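An overview of the molecular structure
Chain residues, written in single-letter form:
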Amino acid sequence: MQGEILFLCVTVFTAGFSIALGVMFPAIGQGKACSQALESIARQPEAAGPISRTLFVGLAMLESLAIYVLVVSFILLFANPLLRYVFK
Amino acid sequence: MEEILNPHVFFVFLGIPVTKTVVSTWVVMAFLVLLSFLLTRKMRPVPTRLQNVLELFVEAILHLVEEMSPGNGKRFLPLVGTLALFIGTSDVAGLVPWLKSPTSDFNTTLALALVVFFAVPFYGITIKGVRNYFRSYLSPSPILAPFHVISEITRTVSLALRLFGNIMGEEIIIAILFLLSPLFLPLPMMLFSIFTGIIQAYIFTVLSVVYLSAAVESSGH
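Values in this document were obtained by computation on a predicted structure and should not be read as measured data. (Residues numbered from 1 in each chain as written. Chains lettered and ligands numbered in written order. Predicted model: local features only at pLDDT ≥ 70, side-chain atom pairs only at ≥ 80, totals over all residues. Heavy atoms only, no water.)

Attention now moves to the UniProt feature "transmembrane region" (unreviewed entry) in chain A. UniProt records the feature "transmembrane region" (unreviewed entry) for residues 55–79 of chain A in the present numbering. The span residues 55–79 of chain A is 96% helical and 0% strand by assignment, and the distance between its end C-alpha atoms comes to 34 Å. (UniProt positions renumbered as here; feature names shortened; annotations may be inferred. Helix = DSSP H or I, 4+ residues; strand = E, 2+ residues; numbered from the N terminus.)

Structure follows, in C-alpha cells:
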C-alpha cells in the first residue's frame, strides 16, 4: 500500500508543479511579446493592424506550450496510463 | 470531471458510439445552415438589416485573407470562412444548456486540423503545380526536406491541441467554479469564455491562412 500512496503523491505533485513551471515561462515570453508590440504600436500607430495580427499569431504559438503542459498534467491526473500497473 | 475528458456516449448507431459532442456538432451545423438559409433566402442588391450581418462576416474574413495572402482571397474564402464560423459558433455553443462545445473534444479539433493539413498540399498543387510544390520541400537544401515534413505534422498537432486545450480548460474551470458556488461565481468566467472562444477561432483562422499562403506563394528563394 505504501508504494501506491507514494505513486499518487508523486503524480499529484508532478501535475501541480509542471503547471506552475509550464505557465511561468510562457507567461514571461507572452509579456515580453506584448510589451514590445505595444511599444511599437505607440511608436507607429498606423502599423497597428499588421502588428496586432502578428502578435496574435505569436501569442498563439507561445500559448500552445502552456497548453502542452496542461494536457500532460490532465493526463497525469485523470487518465494516467500507469495507474493500471500500480493498482492491479 | 471524468465526463469532460471522456464524453459520455448518447447512443450506439450501427456499432459506432455517438457521443454528446457529435450531437452538439449536429446542433451547431443545423443552426449555421438554418441561419444562412433564412438570411440569404431573398437577397437584394441593397442589403436588408439581417443580410447586412452576413455580408459583414464575409467581408471581414475576405479582408483578413486578402491582407495576408493578396490575390487568393476568393480562393481561400470558402474553407477559411467555414472554419472561422464553425469554430466560433461551437466555442460559444458550450454556454448553451444541454450542449457541450464540440471543440472541447480532441477528436473534433484534430479533424479540423487535418482538414487544414490536407488543404495545404491541395491548394499548393492546384496553384503551383506538382513539380513546383514538391520542389519547395527541397528549397534551401535537400537535407532539410525531412524537417519540412516534421514541421507540417507537428504544426497540425499543435493546431489541434491549442484549440482543444483552451476550450476544454475553460470548460473545466467553469465546472470547478460551478461545484464551489453554482449561482454567481461561474458567470465572469463564462463571459470570459466567450472572449476566449472567439479569439481562438480567430487564431485558428489566421494560422490556417498563414499555412495556406506559405504553400501557395511563388517561391522567391
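Structure shown, so let's carry the discussion forward.
Once that is clear, we can look at the side chain of Ser 101 of chain B. All names here are of chain B. Within the secondary structure, Ser 101 sits in the loop between helix 4 (73–92) and helix 5 (106–128). For Ser 101, a relative accessible area of 1% puts it in the buried group. Ignoring anything within four residues of it in the chain, the contact list for Ser 101 reads Thr 21, Ser 90, Asp 91, Ala 93, Gly 94, Ile 167 and Glu 171. (Buried < 20%, exposed > 50% of the residue type's maximum accessible area, 1.4 Å probe, protein only. Contact = heavy atoms within 4.5 Å.)

Moving on: the packing of aromatic side chains. Aromatic ring pairs are defined here through the distance separating the ring centres and the angle between the ring planes. Per the counting criterion, the structure on display carries eleven aromatic pairs over all chains. When the ring of Phe 74 of chain A is compared with that of Phe 78 of chain A, the centres are 5.6 Å apart and the planes differ by 25 degrees; the resulting orientation is stacked. Pair noted here: Phe 74 of chain A and Phe 78 of chain A are both in helix 2 (residues 48–78), with a separation of four residues, about one helical turn. The exposure class of Phe 74 of chain A is buried, given its relative accessible area of 12%. Relative accessible area serves as the criterion here: at 28%, Phe 78 of chain A is assigned to the partly exposed category. Here the aromatic residues Phe 76, Phe 122 and Tyr 123 of chain B are joined through ring pairs into a cluster of three or more. It is Arg 155 of chain B that lies over the ring of Tyr 211 of chain B; its NZ or CZ is 4.2 Å from the centre. (Phe/Tyr/Trp six-rings, centres within 6.5 Å; stacked < 30°, edge-to-face > 60°. Lys NZ or Arg CZ within 6 Å of the ring centre and 35° of its normal.)

Attention now moves to the interface of chain B and chain A. Interface size, as often reported, equals the accessible area lost upon joining of the parts. Taken together, the contact pairs 22 residues of chain B with 13 residues of chain A. Applying the counting criterion to the chain B and chain A interface returns one salt bridge. Salt-bridge contacts for Glu 67 of chain B lead to Arg 53 of chain A; the nearest nitrogen and oxygen are separated by 2.4 Å. Linking chain B with chain A are two residue pairs in polar contact (both at pLDDT 80 or more). (Salt bridge = Lys/Arg side-chain N within 4 Å of Asp/Glu carboxyl O. Polar contact = N/O pair within 3.5 Å; in protein donor to acceptor, adjacent residues only side chain to side chain.)

Another aspect to go through is the UniProt feature "domain: V-ATPase proteolipid subunit C-like" (unreviewed entry) in chain A. Sequence positions flagged by UniProt for "domain: V-ATPase proteolipid subunit C-like" (unreviewed entry) are, in local numbering, residues 13–76 of chain A. Across residues 13–76 of chain A, the secondary structure splits into 94% helix and 0% strand, with the terminal C-alpha atoms separated by 10 Å.

Residue and element names in this part refer to chain B. In the structure shown here, the tally under the stated rule is three salt bridges over all chains. Linking Glu 152 and Arg 155 is a salt bridge whose minimum nitrogen-to-oxygen distance equals 3.8 Å. Taken together, the residues span about one helical turn, with Glu 152 and Arg 155 both in helix 7 (residues 145–180) at a distance of three residues. Accessibility expressed as a relative area gives 14% for Glu 152, which makes it buried.

Below, the discussion takes up the packing of helix 3 (residues 49–68) of chain B against helix 4 of chain B. All names here are of chain B. Relative to each other, helix 3 and helix 4 sit at 120 degrees, their axes nearing to 9 Å. The angle between the axes of helix 3 and helix 4 places the two elements in the oblique class. Crossing angle aside, the handedness with which helix 3 passes helix 4 is right-handed. In this structure, helix 3 uses Phe 57, Val 58, Ile 61, Leu 62, Val 65 and Glu 66 to contact helix 4, whose residues at the interface are Gly 73, Lys 74, Phe 76, Leu 77, Val 80, Gly 81, Ala 84 and Leu 85. Tallied by class, residues from the contact of helix 3 with helix 4 come to ten nonpolar, two polar and two charged. (Axes fitted to C-alpha atoms, helices over the stretch in contact; angles between N-to-C directions. Parallel < 35°, antiparallel > 145°, perpendicular 65-115°, else oblique. Left-handed = near helix turned anticlockwise from the far one by under 90°. Nonpolar A, V, L, I, M, F, W, Y, C, P; charged D, E, K, R; others polar.)

What follows is about the environment of Val 209 of chain B. All names here are of chain B. Within the secondary structure layout, Val 209 lies in helix 8 (residues 186–216). With a relative accessible area of 0%, Val 209 lands in the buried category. Here Val 209 is in contact with Val 65, Met 68 and Val 80, once residues within four sequence places are set aside.

A word on the UniProt feature "transmembrane region" (unreviewed entry) in chain B. All names here are of chain B. UniProt's entry tags residues 12–39, 76–98, 110–130, 163–185 and 191–214 with the feature "transmembrane region" (unreviewed entry), counted in the numbering of this structure. Across residues 110–130, the secondary structure splits into 95% helix and 0% strand, with the terminal C-alpha atoms separated by 26 Å. Structurally, residues 191–214 is divided into 100% helix and 0% strand, and its ends, taken at the C-alpha atoms, are 35 Å apart.

Time to look at unusual backbone geometry. Phi at Trp 98 of chain B takes a positive value of approximately 75 degrees, unusual for a residue other than glycine. By the secondary structure assignment, Trp 98 of chain B is in the loop between helix 4 and helix 5.

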